[in-house]
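Summary of the model geometry
Spelled out, the chains give:
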Amino acid sequence: MTADLRQHSSPSARNRGPIMAVLEKYLPAQGEGLVFEVASGSGMHTAFFAEAFSHLTFQPSDPDEAARASIKGWIEHEGLTNVRTPLHVDAMSVRPDDLAFETPVVAMVNINMIHISPWAACEGLMATAARVLSTGAHLFMYGPYARDGGHTAPSNAAFDESLRARNPAWGIRHLEEVVACAEKNGLTPVEVVEMPANNLSVVYRR
């Protein structure tokens with residue numbers, strides 16, 4: 001009997017529905033295309049979105065071996081045929097020119113990464129989006145942000161403090177700085193959506 005290597009995340013189970021509601025506005029409603037996910041984590045989001053958008057092909061990725069095993073576990077458990085084997089991609093060190101997809105990348109998805117990574121991961125993500133996204137395609141990001149010079153809720157301020165205590169290079173990012181990084185790479189912000197639990201969905205267009 002094969003071991004069940006799936007990881008389970010209560011936040012992922014709670015937020016995947018609201019996230020999908022935003023994705024529905026930006027993912028192609030028909031036709032083929034590749035959705036490239038950076039920092040897929042457990043794979044719960046990947047499996048949920050792949051089932052909902054069955055006409056699209058999903059390419060998950062994560063630098064963590066256990067996470068990639070979990071993603072594979074979710075793919076097998078759900079019997080998904082439109083999800084590729086997860087790639088080992090580290091946003092901090094990725095070389096966008098090394099990513100060659102034979103299918104047009106119609107969207108990139110990045111959920112809850114940049115606050116638990118050094119700033120270089122955000123820079124790598126934006127450079128990768130600029131390189132691999134098709135013209136007019138979207139980068140979708142989700143997570144907590146500071147905004148207008150401060151945190152959006154006391155709980156986010158406490159969370160930010162705990163993150164920086166764990167790793168000084170981590171922390172909730174200022175939305176304005178992330179947008180500036182995107183624009184530096186030729187990505188245009190198109191929408192900011194307030195989400196449950198004081199998070200934001202931020203969408204960019206290449």
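Check the entry above for the structure.
So, how was this worked out
Residues numbered from 1 in each chain as written. Predicted model: local features only at pLDDT ≥ 70, side-chain atom pairs only at ≥ 80, totals over all residues. Heavy atoms only, no water. Helix = DSSP H or I, 4+ residues; strand = E, 2+ residues; numbered from the N terminus. Contact = heavy atoms within 4.5 Å. 1 Å grid on protein atoms, 1.4 Å probe; cavity = no way out; pocket = protein on both sides within 12 Å on 5 of 7 lines; lining within 4 Å. Points joined across faces, edges and corners; volume = space filled by probe spheres on them. Nonpolar A, V, L, I, M, F, W, Y, C, P; charged D, E, K, R; others polar. Pairing = 2+ DSSP bridges. Buried < 20%, exposed > 50% of the residue type's maximum accessible area, 1.4 Å probe, protein only.

With that settled, the discussion passes to the environment of Val 203. Mapped onto the fold, Val 203 is located in strand S9 (residues 199-205). Sequence separation of Val 203 and Val 38 is 165 residues, and the distance between their C-alpha atoms is 15 Å. Other than its neighbours up to four places away in sequence, Val 203 contacts Val 22, Tyr 26, His 138, Leu 139, Phe 140, Thr 188, Pro 189, Val 190 and Glu 191.

In total, this model carries one cavity of 30 Å³ or more according to the counting rule given. Taken together, Asn 110, Asn 112, Met 113, Ile 114, His 115, Met 141, Tyr 142, Gly 143, Pro 144 and Tyr 145 form the lining of the largest cavity. Among the residues making up the lining of the largest cavity, the classes are represented as six nonpolar, four polar and no charged.

Before going further, it helps to examine the sheet that holds strand S6 (residues 150-151). A sheet is described by the order of its strands in space; here three strands give the open sequence S6-S5-S7, paired in mixed fashion. Since the sheet does not close on itself, it has two edges, and those belong to S6 and strand S7 (173-174), each with one partner. Pairing geometry for strand S5 (residues 145-147) and S6, over two bridges, is antiparallel. In the sheet register, Arg 147 faces S6, and the bridge partner there is Gly 150.

Turning next to the side chain of Asn 199. For Asn 199, the location among the structural elements is in strand S9. A residue is classified by how much of its surface remains accessible, and Asn 199, at 12% relative accessible area, is buried. Discounting residues that sit within four places of it in the chain, Asn 199 has contacts with Tyr 142, Gly 143, Pro 144, Val 193 and Glu 194.

The next thing to look at is unusual backbone geometry. Located in the positive-phi region is Asp 148, a residue other than glycine, with phi close to 55°. Within the element layout of this structure, Asp 148 appears in the loop between S5 and S6. Take Asp 148: its relative accessible area is 69%, and that puts it in the exposed class. Despite not being glycine, Ala 197 has its phi angle at roughly 60°, a positive value. Relative to the helices and strands, Ala 197 resides in the loop between strand S8 (188-195) and S9. Look at Ala 197 and you get exposed, because its relative accessible area is 61%.

The next thing to look at is the layout of surface pockets. Here the largest pocket defines a volume of roughly 430 Å³. Those elements that provide at least two residues to the lining of the largest pocket are helix H1 (10-26) and helix H5 (154-166). Grouping the amino acids of the lining of the largest pocket by side-chain chemistry returns eight nonpolar, nine polar and two charged. Of the volumes computed, that of the second largest pocket is approximately 310 Å³. As for the second largest pocket, its lining consists of 19 residues, and the residues nearest its centre are Ala 39, Pro 63, Met 113, Ile 116 and Ser 117. Tallied by class, the residues present in the lining of the second largest pocket amount to 13 nonpolar, three polar and three charged.

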